[in-house]
Amino acid sequence: MKELLAVAVVISGRGSNMEAIARAAQAADRGYRVVRVVADRASAGGLARAAALGIPTAVVPVKEFADRTAFEAALAAELEASGAGLIVLAGFMRILSPDFVRRFEGRLLNIHPSLLPAYKGLDTHARVLAARDSHHGASVHFVTAELDGGPVIMQGRLRVQSGDTPETISARVHALEHIIYPHVCALIAAGRVAWRRGTVYYDGQPLASPLLEENDAAA
Ligand code: GRF
């Protein structure tokens, strides 16, 4: 049997994406398994969710480190010790240094709640609504030193509805995230998506534009 790709998930908050990624692999053979969930704070709600799923957890408490370099050294040590071949940031609320990103280049993913390159940074739902955009969504991308700027692998896209609030649209974006993030992990585990020297390949060809999941029905 093919060995499963070991995935570590890094969180700061409630960890619903972490749970979706872990549950997908527990429910069916997706070619990967979540071997560790790491949080930068003990209060992260996702830690209890991970423990309930039987996944080992660790806390690297950012506040207890003198500076970012010391924190990142501890985080990197934790991730290396987990044996993970793929590291998935899921609601991790810190900006990683170029050195850290370089160390894990090509095996570090993030999910961002917008159709990148639109709306990098925070408060994406409110900004989309203020701009009266017709569509919104989420993007899974490889992490590079540029914030929210690495090559996008897959997007989930939905239509903005009249009467949407940041809360209603956030719920629909989350539902899409829970589909696309496990999907990308499975594609990487299968070797169908790969990073080679800064370029994303899909089934052996450079990926010209992100894979797209359209879902206007997402609750
Ligand atoms: C998601 O919306 C993700 O796009 C962003 O942070 C949120 C994390 O949510 N990076 P959760 O902790 O996975 O529920």
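What you are looking at is a predicted structure, and each value in this text was computed from that prediction instead of being measured. Along each chain, residues carry numbers from 1 onward, in the same order as the chain's sequence is written. The predicted nature of this model means local features are confined to residues of pLDDT at least 70 and side-chain atom pairs, given and counted, to a pLDDT of 80 or more, with totals for whole chains, interfaces and linings taken over all residues. Each side-chain value is worked out from all heavy atoms of the structure, with water and hydrogens disregarded.

Draft legend 1. A look at the pairing of strand β6 (residues 135–142). Counting buried positions along β6 yields seven of eight residues, so the element is predominantly enclosed. Pairs of strands are assigned from DSSP output, requiring at least two bridges between the strands. Helical segments are the DSSP runs of H or I of at least four residues, strand segments are the runs of E of at least two, and each set is numbered from the N terminus. Two elements, strand β5 (residues 108–112) and β6, share four bridges in a ladder whose sense is antiparallel. Counterpart to I111 in the pairing with β6 is V140. Here β6 pairs with strand β7 (residues 152–159) via seven bridges, running antiparallel. Bridge pairing in β7 places G137 opposite R157. Buried, partly exposed and exposed residues are distinguished by accessible area as a fraction of the type maximum, computed with a 1.4 Å probe on protein chains only: under 20%, between the cut-offs, and over 50%, respectively.

Draft legend 2. Inspection of the layout of surface pockets at higher detail. Cavities and pockets are defined on a 1 Å grid built over the protein atoms alone: a cavity is a set of grid points where a 1.4 Å probe fits but cannot escape, while a pocket is an open set with protein on both sides within 12 Å along at least five of seven lines, and lining residues are those with an atom within 4 Å of any such point. Grid points are joined across faces, edges and corners, and a volume is the space filled by probe spheres set on the points. For the largest pocket, the calculated volume is near 870 Å³. Lining the largest pocket are 34 residues, and of these G91, F92, M93, I111 and P113 sit closest to its centre. Where the lining of the largest pocket is concerned, the elements lending two or more residues are α1 (16–27), β5, α5 (124–130) and α6 (166–189). If you tally residues by element for the lining of the largest pocket, the top one is β5, at three residues.

Draft legend 3. Expanded view of the side chain of E72. Structurally, E72 can be placed in helix α3 (residues 68–82). The class of E72 is buried, set by a relative accessible area of 6%. We call two residues in contact when some of their heavy atoms are within 4.5 Å. Other than its neighbours up to four places away in sequence, E72 contacts I95, L96, S97 and F100.

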